[in-house]
Amino acid sequence: MILELKESIPHGTKEYPYDQCHICNIRRHPFQFPVHWHDELEIIYIRQGSLSVCIEDQNYQGHAGSIFLVNPRELHYMGSDDKSVDYYTLLYPLEFISFQTMDDLETSLLLPLRSGQLLLTHEIADSALSETCGQLLERLVSLNSGNLNMRRQIETRILLLQFLSLLADYGQLLAPALSDNRPNLQRELLAYIKDHYTEKISLQDLSRQFHLSEKYLSRYFKEHFQLTFTSYTNHLRLTCARRLLENTKLPVTEIALRSGFPNVSYFIRVFKDSYGISPLKYRKASFPQ
């Protein structure tokens, strides 16, 4: 399974925080976006093919027309073996469609959604709702493929509010389970790794930090994230390395060490396995002279 890197980049801009990403399996190989979370609401809209989605440890199998909803700060990942899969992710902060007036809509729906007192169900299972929502999402995708202007921003908000209105009408809102508020081992593990991936870090370090056996942690990663500890750590390091390749003139050896790789030869091998190109060629291809 080859890791595709997507996270750790800003979603939208301060002026226009809506963001959409078109993901098409042009490389024609199995892929997976590793487990992650963010503060924005995410809509996953599958146009073609099949996609496996996991949200807060719940597994779903999507196909053409499927729509999944990821609430802010929920852990999720997705992947596919389907060479024809084609889908969009639409992300925006809930503040983007909120109002300054504390009217009934704000206090009974929008504010509870922002504060986590209300959640959207992860999957739109009703076929009629899915079809209608799919039409709205197609309009959103088309609208946001052009140049940014005031009309586009207004119409985007209108469509997102219509989308939310449909979800409310069909009972796609629910109160969070009490267990959702407990400290989450998954988040704690990922946060610790994210804070230390540029250092020398191992399962032994995690074992000492969380007072769990290495064997248990190894199984836990595979069971909950569908990745090994090493694969996830390398994902973070490769993301960091790509940023440095794109934004600095640092030598490859320095980039490898700053990103947390133990040596440059291992870095080059992992980079080529993931992208089919060496770090130096990636830099030259991204920024030709």
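Our subject is the structure listed above.
As a starting point, this report considers the structure included with it. This one's a predicted model, so the numbers in the text were calculated from it and none came from an experiment. (Residues numbered from 1 in each chain as written. Predicted model: local features only at pLDDT ≥ 70, side-chain atom pairs only at ≥ 80, totals over all residues. Heavy atoms only, no water.)

### A short note on the pairing of strand β8 (residues 76-80)
When you tally the buried positions in β8, you get five out of five residues, the bulk of the element. Side-chain alternation along β8 places His76, Met78 and Ser80 on one buried face and Tyr77 and Gly79 on a second face that is also buried. Bridge count for strand β3 (residues 31-36) against β8 is four bridges, and the pairing is antiparallel. Pairing of glutamine 32 across the sheet is with glycine 79, part of β8. Across four bridges, the pairing between strand β5 (residues 51-55) and β8 is antiparallel. In the sheet register, isoleucine 55 faces β8, and the bridge partner there is histidine 76. (Buried < 20%, exposed > 50% of the residue type's maximum accessible area, 1.4 Å probe, protein only. Helix = DSSP H or I, 4+ residues; strand = E, 2+ residues; numbered from the N terminus. Pairing = 2+ DSSP bridges.)

### A few points about the pattern of salt bridges
Applying the stated rule across the entire model yields seven salt bridges. Between arginine 151 and glutamate 155 there is a salt bridge, with its nearest N and O atoms 2.7 Å apart. With arginine 151 and glutamate 155 both in helix α3 (residues 150-169), this residue pair falls four residues apart, about one helical turn. Owing to a relative accessible area of 62%, arginine 151 belongs among the exposed residues under this scheme. (Salt bridge = Lys/Arg side-chain N within 4 Å of Asp/Glu carboxyl O.)

### Regarding the sheet that holds strand β2 (residues 19-24)
Taking strand neighbours across the sheet as the criterion, the four strands line up as β2-β9-β4-β7 in an open arrangement whose pairing is antiparallel. The open sheet is flanked by β2 and β7 (67-70), the only strands paired with a single partner. With strand direction ignored, the average angle separating the axes of adjacent strands in the sheet is 15 degrees. Here strand β4 (residues 41-48) runs beside strand β9 (residues 86-92); their pairing, made up of seven bridges, is antiparallel. Across the sheet, the residue bridging to leucine 41 is tyrosine 92, located in β9. Along the sheet face, helix α2 (residues 127-143) touches β2, β4, β7 and β9 and points at about 100 degrees away from the line of β4. (Axes fitted to C-alpha atoms, helices over the stretch in contact; angles between N-to-C directions. Contact = heavy atoms within 4.5 Å.)

### Some points on α2
For α2, which comprises 17 residues, the first-to-last C-alpha distance of 24 Å matches the rise-based estimate of 24 Å (1.5 Å per residue) to within 8%. Of all the positions in α2, only Leu129, Ser130, Cys133, Gly134, Leu136, Leu137, Leu140 and Val141 are classed as buried. Those residues of α2 hidden inside the fold are in contact with β2, β4, β7, β9 and α3. Among the residues of α2, the N-terminal cap falls to aspartate 126, whose side-chain oxygen and the backbone nitrogen of alanine 128 are separated by 3.0 Å. (Expected span 1.5 Å × (residues − 1). Polar contact = N/O pair within 3.5 Å; in protein donor to acceptor, adjacent residues only side chain to side chain.)

### Some words on the pairing of β7
The two faces of β7 match: Ile67 and Leu69 on one face and Phe68 and Val70 on the other face are all buried. Strand direction decides the pairing type here: β4 and β7, joined by four bridges, are antiparallel. Bridging across to β7, glutamate 42 finds its partner in valine 70.

### Let's talk about the packing of helix α7 (residues 229-247) against helix α10 (residues 279-286)
The geometry of α7 relative to α10 is characterised by a closest axis approach of 9 Å and an angle of 50 degrees between their N-to-C directions. Considered as vectors, α7 and α10 are oriented oblique to each other. For the crossing formed where α7 meets α10, the hand is right-handed. Across the interface between the two elements, Arg242, Leu244, Leu245 and Glu246 of α7 pack against Pro279, Tyr282 and Arg283 of α10. Tallied by class, residues from the contact of α7 with α10 come to four nonpolar, no polar and three charged. (Parallel < 35°, antiparallel > 145°, perpendicular 65-115°, else oblique. Left-handed = near helix turned anticlockwise from the far one by under 90°. Nonpolar A, V, L, I, M, F, W, Y, C, P; charged D, E, K, R; others polar.)

All we've got here are geometric facts, nothing functional implied.
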